[in-house]
Structure formats: structure tokens, C-alpha cells
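# Chain and residue survey
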Amino acid sequence: MSRKYKFLNKQGLYFVSFATVNWIDVFTRPAYCDIIIESLTWCKANIGMDLYCWCIMPNHVHLIFSARDNNPEIILGRFKEYTAKQIIKAISENPQESRKEWMLWMFGRAGAKSSNVSKYQFWQHNNKPIELWSPHVIEQKADYIHSNPVVAGFVAEPQHWRYSSAIDYCDGKGLIEIEFL
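This one's a predicted model, so the numbers in the text were calculated from it and none came from an experiment.

Rules used throughout
Residues numbered from 1 in each chain as written. Predicted model: local features only at pLDDT ≥ 70, side-chain atom pairs only at ≥ 80, totals over all residues. Heavy atoms only, no water. Core = buried A, V, L, I, M, F, W, Y, C linked by side-chain atoms within 4.5 Å. Buried < 20%, exposed > 50% of the residue type's maximum accessible area, 1.4 Å probe, protein only. Helix = DSSP H or I, 4+ residues; strand = E, 2+ residues; numbered from the N terminus. Contact = heavy atoms within 4.5 Å. Axes fitted to C-alpha atoms, helices over the stretch in contact; angles between N-to-C directions. Left-handed = near helix turned anticlockwise from the far one by under 90°. Nonpolar A, V, L, I, M, F, W, Y, C, P; charged D, E, K, R; others polar. Parallel < 35°, antiparallel > 145°, perpendicular 65-115°, else oblique.

### Thoughts on the nonpolar core
Formed by 55 residues in total, the largest nonpolar core has its most connected members in V26, F27, L63 and F65. Elements supplying a minimum of two residues to this core: β1 (14-19), α1 (30-46), β2 (49-56), β3 (60-67), α2 (72-93), α3 (100-112) and α4 (135-151). Beyond its immediate stretch of four places on either side in the chain, V26 contacts T20, Y32, P58, I87, I91, R99, M103, F107 and F122.

This is the structure in C-alpha cells:
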């Protein structure tokens, strides 16, 4: 599978999902989720990401977004590169991280197998951006994102998951300012 992100319509609205290597449950710690939230907020303010829906699960992230400057592959690439470095750093510097050695070993092992990673590989390379081209498909993907924590058994209602935009769509206030679909 190609490692390039295939955003055929640069002006499109996209659903993307990306996971940690080996589906490692990294986002069970709020500190690591905070890096994702801070980075999404930065991408919105500084490099033209319009964020409509998002959800952080223990080992993967879902987004619906578009790019104001018609460069979705650049935005996603910069986001993943930055968060990978920051989360690896946070793990390695966290004296209370009980899984530190194991996670760093797994990320290092994945990095050694990758031709374009110098030391650690955090995110899986393969993701398939799906252009959302109709109201039905948009609604289907938004529901999928927001229902993910419910289906996984973490919460009873989508808006109860802290690391999601579901609350914004229920007249609440989430952790990241979003654009509404």
C-alpha cells in the first residue's frame, strides 16, 4: 500500500482515521490526549485546518476536516509528524509511565522496519482519506466518529466521551472549537 496520502480533491471535506503502530493503547493517559488536542488547535489557528468532527480513542484518532488552503495532505502530514515526536518525547520523559520501555521498544522496532523513519515510528503509515461528497455520507461518518466510544463500551452516550466533538453537536462545549457540518 502506498504511504502517500491520497487527497484527490484538495478542496474536499475528508474523513480520516489513523492508528498507532501495532494499535498500542497510548491515549489512555490524558497527557498524551492533550498533545493531540493542542496540535489540532494549533493546526486550526496556524495552518488552515477546518475541523468538523474529531474523536481520540485509546489507539487511534478520527477526524472530519478540510483545508482552507487546499492542502489537506500537508496539514495531516505535519499534524502526524509533530504529534509523533511530541508523544514519544512525553512518553520517554514521563517517570510514571509504567509501559515506557515496552512502548519505546515497540516504536523503535516499527521505526527500524520503516525506510522513512529515523528512530521511532508512532503512527501507522497507511490511512485512507475518504472524501465526503454527500449529506448522507457526511452524516454517516460523523455518527460513526461520535458513536465509536459507545460501541467500544467506554460510555453510554456519545457526548459523555471527553475526547470527542460529540458534545458540541449536543449543545455543549467541547475541548476544541469546531466548524459545524
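Picking up where we left off.
### Notes on the packing of α2 against α3
The N-to-C vectors of α2 and α3 enclose an angle of 145 degrees; their axes lie 9 Å apart at closest approach. Once α2 is placed against α3, the crossing between them reads as left-handed. For the pair α2 and α3, the contacting residues are I88, I91 and S92 in the first and K100, M103, L104 and F107 in the second. Considered class by class, the residues forming the contact of α2 with α3 number five nonpolar, one polar and one charged.

### Regarding the packing of α1 against α2
It is the contact of α1 with α2, at a shortest axis distance of 10 Å, that shows an interaxial angle of 150 degrees. Compared by their axis directions, α1 and α2 come out roughly antiparallel. The two elements α1 and α2 cross, and the hand of that crossing is right-handed. The residues of α2 that touch α1, namely those facing Y32, I35, I36, S39, L40, W42 and C43, are R78, F79, Y82, T83, Q86, I87, A90 and I91. Taken together, the residues that form the contact of α1 with α2 break down as eleven nonpolar, three polar and one charged.

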